[in-house]
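Inside the fold
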Amino acid sequence: MVSFKPLVLLVIAAFAAYCKAEPKIVCYYDSKSHLRQGPATFDVSDIVPALDLCTHLVYGSAAIDESTYKLIPLNEQFDTVKDNYRKVTDLKKRFPRLKVLLSVGGNADVSGEKEEKNIKYRTLLESTTSRLAFVNSAYTIVKAYGFDGLDLAWEFPENKPKKIRSKIGGIWHSIKKTVGGTKVLDENAAEHRDQFVSLVRELRGAFKAENLLLTLTVLPNVNSTVYYDPRALSPNLEYVVLDAFDFYTPERNPKEADYPAPLYELVDRKPDENVDAQVRYWLSNGAPSNKVILGIPTYGRAWTMDDESDINGIPPLHIDGAAEPGPWTKHAGLLSYPEVCSLLSNPDNTKQAKHLQVKRIPDPSKRKGSYVFRIVDENNNGGFWVGYEDSDTVGYKASYAKAKGLGGVAMVDLSLDDFKGTCGRDKYDLLRVAKMNF
Ligand SMILES: *[C@@H]1O[C@H](CO)[C@@H](O)[C@H](O)[C@H]1NC(C)=O
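Residues numbered from 1 in each chain as written. Predicted model: local features only at pLDDT ≥ 70, side-chain atom pairs only at ≥ 80, totals over all residues. Heavy atoms only, no water.

Labelled according to an unreviewed UniProt entry, the protein appears under the name GH18 domain-containing protein, originating from Zophobas morio. Looking at the protein in UniProt, the text filed under Subcellular location (unreviewed entry) is "Secreted". (UniProt positions renumbered as here; feature names shortened; annotations may be inferred.)

Below, the structure written as structure tokens:
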């Protein structure tokens, strides 16, 4: 009689290899980055050096038409008339294993204000007819331009920013509770949570036959506890990227600077505003770890120090609003990774008096994040404080993701990484370090 044992072992080994899927390195591409000037201009050709490292490329962003609820290009002229969708999906000819997804939302499709802000992302969910319009139009666009699937970077309302530290006494206190301040952002949040599960199921149903991928990006400050049901969503998703950053930003917190994306909970901060808490929510509520991907920013958040700021730069610290726009990205309160490097390597810096030089504070604790700052001069000028990711902190985050058994890491986004190699290391330094450490 023939023994089946070797065959059984072979099947088991093959199955094990199949289960141990290749790590996912998800790379976000912000298509608006072509509008930047000088060394920050980012075109499709600039993506190419990243594609030896990325397994997935995510095109940000498409939009939703607020009257028909159809998926539409955000910038029709650039995306479809000038064929940028096609230029990006054509990268698969050179990189046949690459998956290219079209992302909808991503805080790029902003409409309305206050309570009405981005309300179409909620009203769409409320009726089967509008969900169907969305599903059908998404399928059509994804197929028409050769995308491998759709990423839902759904624009649910954001958490309220944290209350600030009182200058007198240094205790945490809440700003006087006004009617607007206590009002629930979304009275139908529980319904929206369930309806989002339905939308995902319906999309999956439409995509399945063609093997199209469906993924989710949890945007910064969208409360997963409120809006996402990991157990119900996961079976129909290829993966979920957690944008576990921007907990502190100059826009949300103009009077106080703090670590924008700490890995672990820090003393005196909200317990869920850190990477670890976000990851644990998804894992302990039924998401398989290999479907959870950790999002890592490639930019810093920059505030203006004034003469009332702590001269030691230790956060949280008093601050006077967003910093001036960066020289290349020209966006108040944000600096790309190369812009942060240039602050440190600028020869003018060393010509300054010692106490006015830019200081870099690394993170040997591996819990908080790095920052650079400069105190104001005698005229109350020139001060700034920037919390950012460097190659060390990106390494810690990628190692954390690996230790937790996550599916991979995501870089948000390529255009703000050192895509030209001006920081004195290889091109795409942060992306490279993330992949190496995962
Ligand atoms: C998220 O929602 C939960 C449940 O409502 C709440 O306990 C938690 O404080 C919220 N997190 C933030 C950061 O607002």
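Moving on from the model shown.
Attention now moves to the overall build of the protein. For the protein, the helix and strand inventory stands at 16 helices and 16 strands. Its C-alpha atoms give the protein a radius of gyration of 23 Å, near enough to 22 Å, the size a compact globule of 438 residues would have. For the C-alpha atoms alone, the extent of the protein along its principal axes is close to 85 × 50 × 50 Å. Long-range contacts, defined here as pairs at least 24 residues apart, represent 72% of the contacts in the protein between residues at least 6 apart. Counting only carbon and sulfur atoms, one obtains 54% of the accessible surface of the protein, whose full area is about 20,600 Å². Across the protein, the centroid of the 57 positively charged side chains sits 5 Å from that of the 57 negatively charged ones. (Helix = DSSP H or I, 4+ residues; strand = E, 2+ residues; numbered from the N terminus. Rg over C-alpha atoms; globule rule 2.2 N^0.38 Å. Contact = heavy atoms within 4.5 Å. Areas by Shrake-Rupley, 256 points an atom, 1.4 Å probe, with all protein chains shown as cover. Lys, Arg positive; Asp, Glu negative; His and termini not counted. Charge placed at Lys NZ, Arg CZ, Asp CG, Glu CD.)

A few words on the site of the ligand. In the vicinity of the ligand, the residues found are N159, N223, T225, V226, K270, D272 and E273. Take N159: an N or O atom from its side chain is 3.4 Å from an oxygen atom of the ligand. Contacts to the ligand include N223, whose side-chain N or O atom sits 2.3 Å from an oxygen atom. Out of a free accessible area of 360 Å², the ligand has 55% covered by protein chains. Taken together, the residues of the shell around the ligand break down into 1 nonpolar, 3 polar and 3 charged. (Near = heavy atom within 4 Å. Polar contact = N/O pair within 3.5 Å; in protein donor to acceptor, adjacent residues only side chain to side chain. Nonpolar A, V, L, I, M, F, W, Y, C, P; charged D, E, K, R; others polar.)

This next bit is on the sheet that holds strand β13 (residues 359–361). With antiparallel pairing, the 5 strands of this open sheet are ordered in space as β12-β10-β15-β14-β13. The outermost strands of the open sheet, each flanked by one partner alone, are β12 (334–336) and β13. Here the strands of the sheet are splayed against their neighbours by 25° on average, with no regard to which way each runs. Pairing geometry for strand β10 (residues 299–303) and strand β15 (residues 384–388), over 3 bridges, is antiparallel. Residue pairing for β15: A302 is matched across the bridge by V386. Against the sheet, helix α13 (residues 337–345) touches β10, β12, β13, β14 (370–374) and β15, its axis set at about 85° to β12. (Pairing = 2+ DSSP bridges. Axes fitted to C-alpha atoms, helices over the stretch in contact; angles between N-to-C directions.)

Here we come to the confidence of the model for the protein. Here the protein averages 92 in pLDDT, and 91% of its residues register 70 or above. For the protein, helix α8 (residues 179–182) is the element with the lowest average pLDDT, namely 41, and strand β5 (residues 149–153) is the one with the highest, namely 99. Predicted confidence is poor over residues 166–182, with pLDDT under 50, and the contacts of this stretch with residues over four places away or in other chains come to 20 contacts. (pLDDT = per-residue confidence, 0-100.)

Our focus in this paragraph is the state of the cysteines. Each disulfide is one covalent bond, formed between the sulfur atoms of two cysteines. Evaluated as defined, the whole model comprises 2 disulfides. Disulfide pairing places C27 opposite C54 at an S-S distance of 2.1 Å. Taking the torsion about the sulfur-sulfur bond, which here is approximately -90°, the covalent link between C27 and C54 counts as left-handed. Remark: C54 occurs in the loop between α2 (44–47) and β2 (56–64) and C27 occurs in strand β1 (residues 24–30); sequence separation between them is 27 residues. A single burial state applies to C27 and to C54, both of which are buried. (Disulfide = S-S within 2.5 Å. Buried < 20%, exposed > 50% of the residue type's maximum accessible area, 1.4 Å probe, protein only.)

Of all 5 residues in β10, 5 are buried, a share of seventy percent or more. Because side chains alternate across β10, one face comprises the buried residues Y299, R301 and W303, and the other comprises G300 and A302, equally buried. Pairing analysis gives 3 bridges linking β10 to β12, with the strands arranged antiparallel. Paired with G300 across the strands is L335, a residue of β12.

With an omega of -5°, the peptide bond running from G60 to S61 counts as cis. Its location among the elements puts S61 in strand β2. Of the consecutive residues P315 and P316, the connecting peptide bond is found in the cis state with omega at -5°. Relative to the assigned elements, P316 resides in the loop between β10 and β11 (317–318). Phi at K114 is positive, roughly 50°, even though this residue is not glycine. Inspection of the secondary structure assignment puts K114 in the loop between β4 (99–105) and α6 (120–123). What makes K114 exposed here is its relative accessible area of 73%.

With that out of the way, let us pick up the packing of aromatic side chains. Considering all chains together, one arrives at 24 aromatic pairs under this definition. Ring centres of Y85 and Y145 lie 5.2 Å apart, and the angle between their planes is 70°; this geometry places the pair in the edge-to-face category. Of this pair, Y85 sits in helix α4 (residues 84–89) while Y145 is found in the loop between α7 (128–144) and β5, placing the two residues 60 residues apart along the sequence. Assessed through its relative accessible area of 22%, Y145 is described here as partly exposed. An aromatic cluster is built from Y121, F134, W154, F156, F196, Y227, Y228, Y281 and W282, whose rings are joined through pairwise contacts. Above the face of the F438 ring, K402 is positioned so that its terminal group lies 5.9 Å from the ring centre. (Phe/Tyr/Trp six-rings, centres within 6.5 Å; stacked < 30°, edge-to-face > 60°. Lys NZ or Arg CZ within 6 Å of the ring centre and 35° of its normal.)

On to the packing of α7 against helix α9 (residues 189–208). Between α7 and α9, whose axes approach to 10 Å, the crossing angle comes to 35°. Here α7 and α9 pass one another in a crossing that is right-handed. Residue-level inspection shows R131, F134, V135, A138 and Y139 of α7 in contact with α9, the latter providing Q195, S198, L199, E202, L203, A206 and F207. The class makeup of the residues in the contact of α7 with α9 is 8 nonpolar, 2 polar and 2 charged. (Left-handed = near helix turned anticlockwise from the far one by under 90°.)

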